[in-house]
Amino acid sequence: MTLTSFSLDYFSLAGKVAIVTGANKGLGQAYAVALAKAGADLLVVARSGDCEETRALIEETGRRAEFFQADLSDREAVKQVVPECLKVYGKVDILVNNAGTILRSPLVEYKEEDWDTVMEVNLNSLYLLSQEAAKVMVEQKRGKIINIASMLSFQGGKFVPPYTASKHAVAGLTKAFANELAEHNIQINAIAPGYIATDNTAPIRTDEKRNAEILSRIPAARWADPSDLMGTVVFLASKASDYMNGHVLAVDGGWLAR
Ligand code: NAP
């Protein structure tokens, strides 16, 4: 690249193929639509059957939307995602590990099975899926993996011990993968969303006291909408971020700056 060759085309995803997990709603849906608007075709991975809204939004952009139903707490299902993408599109340029779950309970009452569920979905499936994608990307000599971290990749939180543990681990794995794969022209980075209005945060938004506590700490003084994250995912999926590796990028209205 030279100074004169740089253009907004560096943000274009024309001709790229992206996998987004958990894209039937919430942030995953916003990431999928953003990638499609930037030119990518999508393999949408969702546990629930109903992805019609996501399909309509992607097809509105003129891009192709294919769906794969998988419960990411089932390792055998996780291992089928990348082969499915190869079967449909013949390559994988971008993987967005978005699907995640949060189960809230006081620490001393926290159930072992809930610990296992959260770790399986948020961490183990992300690891296995990234490993499968990395094998293909090493062969292709290019690729982008975008993990979804959290403010609880940096902070402890309350009532969500496995969520915190899994999201700290996501930040660690982002760096571990980047260290081994950067030399193959594969960039692995993470987005750490702040407080976004989705189903994931509905219980704390409806809790008046907790909602007020959260809002009082956000310099931007508002909850984010999933659309606030669309530019970030396109940037990390595009040539414009080719020298970014192992970074956890907070999009948090300034939460961590406080
Ligand atoms: P959401 O609306 O609850 O969406 C979560 C997505 O993950 C849904 O598509 C859900 O599918 C999927 N998922 C959960 N368990 C799954 C499983 N076993 N197999 C397959 N898919 C599964 O929440 P969101 O806020 O958009 O969260 C998306 C990601 O952002 C998560 O990783 C979350 O931790 C992270 N995040 C969110 C916030 C926030 O403030 N909202 C902040 C930081 C990080 P179903 O519809 O089938 O349940």
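Preceding block: the structure.
First, a word on scope: everything that follows refers to the structure included in this document. For clarity, every value in this text was computed on a predicted model and none was experimentally measured.

**A closer look at the side chain of T54**
Here's step 1: Looking at the secondary structure, you find T54 in helix α2 (residues 52-60).
Here's step 2: The buried category is assigned to T54, whose relative accessible area is 0%.
Here's step 3: Beyond its immediate chain neighbours, meaning those up to four positions away, T54 contacts A23, N24, K25, Q29 and V44.

**Some details on the state of the cysteines**
Here's step 1: Inspection of every chain in the model, using the stated rule, returns zero disulfides.
Here's step 2: No disulfide involves C51; its sulfur sits 15 Å from the nearest other cysteine sulfur, which is in C85.
Here's step 3: A relative accessible area of 5% places C51 in the buried class.

**Observations regarding the side chain of E84**
Here's step 1: Position of E84 among the secondary structure elements: in helix α4 (residues 81-89).
Here's step 2: Residues contacting E84, with those up to four places away along its chain left out, are L43 and F68.

**Topic: empty space enclosed by the protein**
Rolled over the atoms, a probe with the dimensions of a water molecule shows which regions are left empty.
Here's step 1: For the coordinates displayed, the defined rule picks out one cavity of 30 Å³ or more.
Here's step 2: Computed from the structure, the largest cavity encloses a volume of approximately 40 Å³.
Here's step 3: Among the residues making up the lining of the largest cavity, the classes are represented as five nonpolar, five polar and no charged.

**Describing the site of the ligand**
Here's step 1: Taken together, 28 residues lie near the ligand, and N24, R47, S48, Y163 and T198 sit nearest.
Here's step 2: Here I196 contributes a backbone N or O atom positioned 2.9 Å from an oxygen atom of the ligand.
Here's step 3: In the complex, the protein chains occlude 93% of the 880 Å² of accessible area that the ligand would expose alone.
Here's step 4: Comparing atom positions with the cavity grids shows the ligand to sit within the largest pocket.
Here's step 5: When contributions to the shell around the ligand are tallied by element, the ones reaching two or more residues are α1 (26-37) and α6 (161-181).

**What about the sheet that holds strand β6 (residues 186-193)?**
Here's step 1: An order of β3-β2-β1-β4-β5-β6-β7 is seen for the seven strands of this open sheet, with the pairing classed as parallel. For this open sheet the edge positions go to β3 (65-69) and β7 (248-251), each flanked by a neighbour on one side alone. Averaged over all pairs of adjacent strands, the angle between their axes in this sheet comes to 20°, without regard to strand direction.
Here's step 2: Note that strand β5 (residues 143-148) and β6 share six bridges and pair parallel. Looking at the pairing, K144 lines up with Q187 of β6.
Here's step 3: In the packing of α1 onto the sheet, the strands contacted are β1 (17-21), β2 (41-46), β4 (94-97), β5 and β6, and the crossing angle to β1 comes to about 170°.

**A few points about unusual backbone geometry**
Here's step 1: You will see that K141, though not glycine, has its phi angle at about 65°, which is positive.
Here's step 2: With respect to the helices and strands, the residue K141 is situated in the loop between α5 (112-140) and β5.
Here's step 3: The class of K141 is exposed, set by a relative accessible area of 60%.
Here's step 4: With a phi close to 70°, F159 is a non-glycine residue in the positive phi region.
Here's step 5: Mapped onto the elements of the fold, F159 is located in the loop between β5 and α6.

The rules behind the values
Per chain, residue numbering runs from 1 following the sequence as it is written. Only residues with pLDDT of at least 70 get local features here, since the model is predicted, and only at 80 or more are side-chain atom pairs given and counted; chain-wide, interface and lining totals rely on the full set of residues. As a rule here, side-chain values come from all non-hydrogen atoms in the structure, and water together with hydrogens is ignored. Every helix listed is a DSSP run of H or I at least four residues long, and every strand listed is a run of E at least two residues long, numbered separately from the N terminus. To sort residues, take the accessible area from a 1.4 Å probe on protein chains only and compare it with the maximum for the residue type: under 20% means buried, over 50% means exposed, and anything in between is partly exposed. Contact definition: two residues touch when any of their heavy atoms are within 4.5 Å. Disulfides are defined as pairs of cysteine sulfur atoms found within 2.5 Å of each other. Only protein atoms enter the 1 Å grid used here, on which a cavity is any set of points holding a 1.4 Å probe that cannot leave and a pocket is any open set flanked by protein within 12 Å on both sides along at least five of seven lines; residues with an atom within 4 Å of a point are listed as lining. Grid points are joined across faces, edges and corners, and a volume is the space filled by probe spheres set on the points. Under the grouping applied here, Gly and all other residues not named as nonpolar or charged are polar, the nonpolar ones being Ala, Val, Leu, Ile, Met, Phe, Trp, Tyr, Cys and Pro and the charged ones Asp, Glu, Lys and Arg. Whether a residue is near a molecule or strand depends on its heavy atoms: it is near if one of them lies within 4 Å of it. Between N or O atoms, a polar contact is any pair within 3.5 Å; within protein, one atom must be a potential hydrogen donor and the other a potential acceptor, and residues adjacent in sequence are included only when both atoms are from side chains. Every accessible area reported is derived by Shrake-Rupley at a probe size of 1.4 Å, with residue values counting cover from the shown protein chains alone. To qualify as sitting in a cavity or pocket, a molecule needs more than half of its atoms within 2 Å of the grid points. Strand pairing follows a simple DSSP-based rule, namely that at least 2 bridges must link the two strands. Only the contacting stretch of a helix is used when fitting its axis, a line to C-alpha atoms as for every element, and angles between N-to-C directions run 0 to 180 degrees.

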